[in-house]
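# Structural characterization, general
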Amino acid sequence: MRSILIAGNWKMNMGPAETADFFKQLDDAAQKEIEGVEAAVCPPFVSLPAAFSARKSGSAVKIGAQNIHFEDNGAFTGEISSTMLNELGCDFVILGHSERREYFGENDEIINKKVKKALADGITPIVCVGEVLDERKQDRHFDVVKTQTAGSLAGLSATDASKIVIAYEPVWAIGTGETASPEQAQEMHAFIRKEVAGLFGQDIADGVRILYGGSMKPANADELLKQPDVDGGLIGGASLKPDSFAELVAISAKQ
Ligand code: PGA
């Protein structure tokens, strides 16, 4: 059985003070251990220490980051390594988000190196894939996602592949208020699972969690999470407020 993962992608929002407030205001129910549900937030790097210190002791909410460099350390001005995140105690890192692909020139080869580095440091990568609107209109969305999946996961051992999380985020649904329909999400999630099975075998594919991302919120989470191959959400806007984040966790608990 795959547990549901609700992961907040805070992007470039929430400085240390706001991060501390978020944890102070977050309902206790959303922080307790819920069987079959995992919750996490991924603040900006500078807010990670605040997240760790403001999180109540015993809270089940995990903490992750939004990017890494693929080297350990060295002359890479402005970069952060997974070794450093490990030192803080991060559980997750979001890799290959469409905003990194679009604005920071990341491609599958770079993302693949980052995935391998995160795994080597014991941090679970949330690997993002997804097509832009034109690609969907041209009926190329399956090809695009297939290439991104194979490229980002190239050369992983089956053991490593069993540890990753994939997030399907149709770019046309990110921050737009437009959500993929539950059927569109299910269709692509099943496709991704089939691709993972082709690469690493059915057992691995059956265990890998595939999150949906793109304007997921309390109003549409239930029908998305009911889809058999949707194992959670990577949530931007709706994860910034403690109330809506807690609501998403509560909806997941009912699945
Ligand atoms: P959104 O962002 O929920 O605000 O659409 C999701 C994401 O980009 O991860």
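So, a few notes on the structure that sits alongside this text. Given the structure is predicted, the values throughout are model-derived calculations rather than measurements. Every residue gets a number counted from 1 within its own chain, in the order that chain's sequence is written. Predicted model: local features are reported for residues with pLDDT of at least 70 only, side-chain atom pairs are reported and counted for 80 or more only, and whole-chain, interface and lining totals are derived from all residues. Based on all heavy atoms of the structure, the side-chain values leave hydrogens and waters out of the count.

## Structural notes on the packing of helix α8 (residues 141–152) against helix α10 (residues 182–200)
Filter applied, for reference: All axes are obtained by fitting lines to C-alpha atoms, using only the stretch in contact for helices, and the reported angles, taken between N-to-C directions, cover 0 to 180 degrees. Think of it this way: any DSSP run of H or I at least four residues long counts as a helix, any run of E at least two long counts as a strand, and we number them from the N terminus. Angle categories are assigned with fixed cut-offs, so that under 35 degrees is roughly parallel, over 145 is roughly antiparallel, 65 to 115 is roughly perpendicular, and the rest are oblique. Crossings are assigned a handedness: left-handed for a near helix turned anticlockwise from the far helix by less than a right angle, right-handed for a clockwise turn. Throughout, a residue-residue contact means that at least one pair of heavy atoms, one from each residue, lies within 4.5 Å. Following the grouping adopted for this structure description, the nonpolar residues are Ala, Val, Leu, Ile, Met, Phe, Trp, Tyr, Cys and Pro, the charged ones are Asp, Glu, Lys and Arg, and the polar ones are all others, Gly among them.
For the pair α8 and α10, the least separation of the axes is 10 Å and the interaxial angle reads 40°. Judged on the interaxial angle alone, α10 and α8 are oblique. Crossing geometry of α8 relative to α10 is assigned as right-handed. Contact with α8, carried on its side by His 141, Phe 142, Val 145, Lys 146, Thr 149 and Ala 150, involves Glu 187, Met 188, Phe 191, Ile 192, Glu 195, Val 196 and Leu 199 of α10 and no other residues of that element. Split into classes, the residues belonging to the contact of α8 with α10 amount to 8 nonpolar, 2 polar and 3 charged.

## Concerning the environment of Lys 62
This is how the line gets drawn: Throughout this description, buried means an accessible area under 20% of the type-specific maximum (1.4 Å probe, protein chains only), exposed means over 50%, and partly exposed covers the range between. N or O atoms closer than or at 3.5 Å make up a polar contact, with two conditions inside protein: a donor-capable atom paired with an acceptor-capable one, and, for residues adjacent in sequence, both atoms drawn from side chains.
With respect to the helices and strands, Lys 62 occurs in strand β3 (residues 62–65). You can call Lys 62 partly exposed: its relative accessible area is 27%. Measuring from C-alpha to C-alpha, the distance between Lys 62 and Gln 31 comes to 9.3 Å, with 31 residues separating the pair along the chain. With residues near it in sequence (within four places) discarded, Lys 62 still touches Glu 38, Ala 39, Ala 40, Val 41, Arg 55, Asp 91 and Phe 92. Of note is the side chain of Lys 62, whose polar atom sits 2.7 Å from the side chain of Glu 38.

## Describing the site of the ligand
Threshold: If a single non-hydrogen atom of a residue is within 4 Å of a molecule or strand, that residue counts as near it. Only the protein chains shown count as covering a residue, and every accessible area follows the Shrake-Rupley method with a 1.4 Å probe.
Lys 11, His 97, Glu 169, Gly 175 and Ser 215 are the nearest of the 13 residues found near the ligand. Here an oxygen atom of the ligand and a side-chain polar atom of Asn 9 are 3.2 Å apart. In the model, an oxygen atom of the ligand is placed 2.7 Å from a nitrogen or oxygen of the Gly 175 main chain. Protein contacts shield 95% of the accessible area of the ligand, which totals 280 Å² for the unbound molecule. Grouping the constituent residues of the shell around the ligand by class yields 4 nonpolar, 7 polar and 2 charged.

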